[in-house]
Amino acid sequence: MGSSHSMPEEIQELADKTGFTLEQIEHLHRRFKQISGDQPTLRKESFDRIPDLEFNPIRSKIVRAFFDKRNLRQAPDGLADEINFEDFLTIMSYFRPIEMNMDEEQLDHFRKEKLKFLFHMYDSDNDGKITLQEYRKVVEELLSRNPHLEKESARSIADGAMMEAASICVGQMVGPLWVV
Amino acid sequence: MQAKGSRAPSLRALPFLFIVAALLGLLPLLHSHGLQPNPMLASEPPHHYPAVISGSEPGDFTAAPHDVSQEIRPLPNRTSPGHVKYRKAFPVLGIDYTHVRIPFEISLWILLACLMKLGFHVIPSVSNIVPESCLLIVVGLLVGGLIKGVGESPPILKSDIFFLFLLPPIILDAGYFLPLRQFTENLGTILIFAVVGTLWNAFFLGGLMYAVCQISGTGLSHIGLLANLLFGSIISAVDPVAVLAVFEEIHINELLHILVFGESLLNDAVTVVLYHLFEEFANFEQVTVTDIILGFLSFFVVSLGGVFVGVIYGVIAAFTSRFTSHIRVIEPLFVFLYSYMAYLSAELFHLSGIMALIASGVVMRPYVEANISHKSHTTIKYFLKMWSSVSETLIFIFLGVSTVAGQHYWNWTFIISTLIFCLIARVLGVLGLTWFINKFRIVKLTPKDQFIIAYGGLRGAIAFSLGYLLDYEHFGMRDMFLTAIITVIFFTVFVQGMTIRPLVDLLAVKKKQETKRSINEEIHTQFLDHLLTGIEDICGHYGHHHWKDKLNRFNKKYVKKCLIAGERSKEPQLIAFYHKMEMKQAIELVESGGLGKIPSAISTVSMQNINPKALPVKRILPALSKNKEEEIRKILRNNLQKTRQRINNYLTVPAHKLDSPTMSRARIGSDPLAYEPKSDSGNLPIITIDPASPQSPESVDLVNEELKGTSCLPPSPEEDEEGLVMHVMEPSSPGTDNVFTPGASDSPSNQRMMRCLSDPGPQPEPEEGEPFIPKGK
């Protein structure tokens, strides 16, 4: 699967694995080719081709999330250098809406996966915990489009938020607890 | 214990309420008698004065002075010319009711409405079962019956008064405080329910009623199709007043609330168009295709035109508020006036006034709130709530009175079939539309939701007023229509309004979460917004988030610069939110007295982290290492100091002890007298104090002096054993009924706090007259 047209069986395999419909996979495949410039894999630099992404304050986190091995379900930590179409679809599958025909267990699993994706975005050093420093970085990035602001404001917001969270559960935000 | 306490005030309240009701009943008597001078009274004026005082023959209030003067003037002519001219004694005490009649009656009605509201809350047992709207209608019925029983004709809710004076405050209140996020997220659903749903209701009902009328033997065959369609369009619109009144009490979850409420607001355009359409058409012999197309077009004109007018006035209001930094007192007035003008301008052109009002409120709010002072914000909020509350009460009372007053024509077939078809139409409409909408929604609507939406389709006073506007000339069956409308209103408000609360509990529908908006939530929401926008960009899909993001960027780049004064135009939303939250926490702290118990999350954490032994903290995770605890402590101390500095600013504002009359006078009066003490050298935080009385400048010096004298030290470690206790340091201003305790500067914790406060802040704190949220630190 790369620049060549995939066989229908392979597409079906992908559809079963990621849960997308055939039209959606076709559309995403076209987009993948557009971003990668007809290459079989995407690199971090490929995302520079998307002009709208420039305005996004958390751009670096989003791009990084695509290469995070935890999201790609390949390894417990680390970053991949490049991803292929299947990996691209895997990441995209996190954003599928909830289907009406899911049962409780599937629903629960689905929701947990989404939350884990978000958690991995906050947790930049891959240690399974969100520390105050990492949270500060998140807030700083959110406010990064306002260059005239001092770092002080971002820090106190993050601190206030951490205090609030801490008042509910003492300590750092650890993965499973946060999901709960 | 509770029951006894509640019974006593209610017993006291009841006779008082009846007296007021009786007084009201007598008013029309005064009116009618005052107009025609009673010839019979000419012979017995002296007897009437004592009668007047006892109130038994009040009709002669206005008659007596007339007749006395009439009588006395002829007398000098009749007596012999040689007599001394008889001069009327100077009236030390006179009565002239006609002079104040109209404002007097209006005030008395409003007073009755407010007393009723008061009475209901004093009697809690009834208000738990019956929603307030029902009780008010019953009161209206009673008062109407009372007035009629005395022999007078009770006043009917005239459409002019309703549409021009009673409806706008409610809609403005709803529009200004509309939860915009939920509204825009569900806008598609709301629009479909409002437009398609109302159209379906109107045509289904109108068509079926026409069929019923055609059935021979009912005596209704003279009602044409168009008249029936007109009736259908009047009765099919869900009423925002009734929905608000009932839904507010059941605290249902936000999604359902915004769906039903949004629908009731947006269907105004449809109702206006259909009403005017059928009213015009009812005079024509036949309807051509051009007419239908024009009608279709007019729908877009009415709704979009209304929104356009609202947006224009909203932008003008926002722009005006940019310059009001020197005259803070009239800021709220701009908000009210511009919104009302938007409503009236829309009504002027037969556009949808409700949509104009909502649009102007929504557009002006973010910019106005960034520009106005905190006090103006509070004023706007409370005035809107007050007016809308009184309006709502008056509307329901008048509905009851009008029922008694109006002429009715009861026709069993027509009215019962109207009722049944209304319900059926609503249920079918909701079911059908939800099936269609769920294909496009991410969060689908469950059958439970659908039931609540269908059940929440209440009709109210708008339908009645529209029916009242019909004239007899073209619509001879107007009385029957009115009766049918009132029956449907009563049914929906009483039956559906009363049963919706137990049904909500029975079906275990999700209720509104009463949690405060936390800073964490805000951060996550913003993060998710950006994330989803980013993913949409990567997919190349121009969806909801993409356009919202574009709008936000446009807003930030161009619009905010024009409409927001000064530094605030560049403030990002997160920071503004954070400041607002800090302010709220500071005010809470002050209002709760501040002694010992600190409600905010910050203090809870500080108490937990710094003093782990005192409170039974449930340790879910292993204890923190010493270093991490120290780090957290340092952070908390730093941030708490900043919060304290801001709190100190707020302490000087008499925002607490709300019940002291002196202080409320001071609060209202303090704006025009904004006193700004000279700023000291940059080392000390400047404390500005509103003059509660002329002597207050002394207290300013008092506080500053104390601060100058102390040195700055961080709180010592041994103090941490007690946890952090904040004593509210209130400046003593004489003439305030000893509301403020004189500065208890002797207690050790107070000294420590003052020491902390004298810590040089980063910059001088903002003055009192500053905008609602203080400018950046």
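Everything numeric in this text was worked out from a predicted model, so none of it was measured.

## Quick word on a nonpolar patch on the surface
Part 1 of the argument: A grouping of Trp200, Trp410, Trp412, Ile416, Ile420, Ile424 and Leu428 of chain B is seen on the molecular surface, where their side chains present a nonpolar patch of about 690 Å² in accessible area.
Part 2 of the argument: By the secondary structure assignment, Leu428 of chain B is in helix H18 (residues 412-437).

## Describing the interface of chain B and chain A
Part 1 of the argument: Counting residues at the interface gives 47 residues for chain B and 54 residues for chain A.
Part 2 of the argument: Between chain B and chain A, roughly 4,500 Å² of surface is buried when both sides are summed, and carbon and sulfur atoms account for 71% of that area.
Part 3 of the argument: Across the contact surface, chain B and chain A share zero salt bridges.
Part 4 of the argument: Summed over the shared surface of chain B and chain A, the number is four residue pairs in polar contact (both at pLDDT 80 or more).

## Remarks on the confidence of the model for chain A
Residues and elements named next belong to chain A.
Part 1 of the argument: On average, residues of chain A score 76 in pLDDT, and 87% of them are at 70 or above.
Part 2 of the argument: No element of chain A has a lower mean pLDDT than helix H8 (residues 175-179), at 46, and none a higher one than helix H5 (residues 104-122), at 83.
Part 3 of the argument: Scored below 50 in pLDDT, residues 175-180 makes 14 contacts in the model with residues more than four places away or belonging to other chains.

## As for a negative patch on the surface
Residue and element names in this part refer to chain A.
Part 1 of the argument: Together, Glu9, Glu10, Glu13 and Asp16 give the surface a local cluster of negative charge.
Part 2 of the argument: Residue placement: Glu13 occurs in helix H1 (residues 8-18).
Part 3 of the argument: Overall, the relative accessible area of 60% leaves Glu13 in the exposed class.

## Some thoughts on the pattern of salt bridges
Part 1 of the argument: In total, this model carries 16 salt bridges over all chains according to the counting rule given.
Part 2 of the argument: A salt bridge links Asp529 of chain B to Arg181 of chain B, with the shortest nitrogen-to-oxygen separation between them at 3.2 Å. With Asp529 of chain B in helix H22 (residues 519-539) and Arg181 of chain B in helix H9 (residues 180-185), this residue pair connects regions lying 348 residues apart in the sequence.
Part 3 of the argument: A salt bridge links Arg426 of chain B to Glu263 of chain B; the nearest nitrogen and oxygen atoms lie 3.0 Å apart. Of this pair, Arg426 of chain B sits in helix H18 while Glu263 of chain B sits in helix H13 (residues 254-281), placing them 163 residues apart in sequence.
Part 4 of the argument: One salt-bridge network, in which partners are shared between bridges, spans Asp48, Glu54 and Arg59 of chain A.

## A short note on unusual backbone geometry
Residue and element names in this part refer to chain B.
Part 1 of the argument: The phi dihedral of His251 is positive, around 50°, even though this residue is not glycine.
Part 2 of the argument: By secondary structure assignment, the location of His251 is in the loop between helix H12 (240-250) and H13.
Part 3 of the argument: Within the chain, His350 stands out as a residue other than glycine whose phi angle is a positive 60°.
Part 4 of the argument: The residue His350 is located in the loop between helix H15 (331-348) and helix H16 (353-371) in this model.

## What about helix H8 (residues 159-176) of chain B?
All names here are of chain B.
Part 1 of the argument: Here H8 contains 18 residues, and its C-alpha end-to-end distance of 24 Å stays within 8% of the 26 Å for a straight helix at 1.5 Å per residue.
Part 2 of the argument: At Leu167, H8 shows its largest kink, close to 45°, and the proline Pro168 lies no more than four residues downstream.
Part 3 of the argument: With 14 of 18 residues buried, H8 lies mostly within the body of the structure.

The rules behind each value
Residues numbered from 1 in each chain as written. Chains lettered and ligands numbered in written order. Predicted model: local features only at pLDDT ≥ 70, side-chain atom pairs only at ≥ 80, totals over all residues. Heavy atoms only, no water. Patch = residues over 30% accessible without salt bridge, like charges linked within 9 Å, V, L, I, M, F, W, Y side chains within 5 Å. Areas by Shrake-Rupley, 256 points an atom, 1.4 Å probe, with all protein chains shown as cover. Salt bridge = Lys/Arg side-chain N within 4 Å of Asp/Glu carboxyl O. Helix = DSSP H or I, 4+ residues; strand = E, 2+ residues; numbered from the N terminus. Contact = heavy atoms within 4.5 Å. Buried area = accessible area lost by both parts, 1.4 Å probe. Polar contact = N/O pair within 3.5 Å; in protein donor to acceptor, adjacent residues only side chain to side chain. pLDDT = per-residue confidence, 0-100. Lys, Arg positive; Asp, Glu negative; His and termini not counted. Charge placed at Lys NZ, Arg CZ, Asp CG, Glu CD. Buried < 20%, exposed > 50% of the residue type's maximum accessible area, 1.4 Å probe, protein only. Expected span 1.5 Å × (residues − 1). Bend = angle between axes of the 7 residues up to and from the residue.

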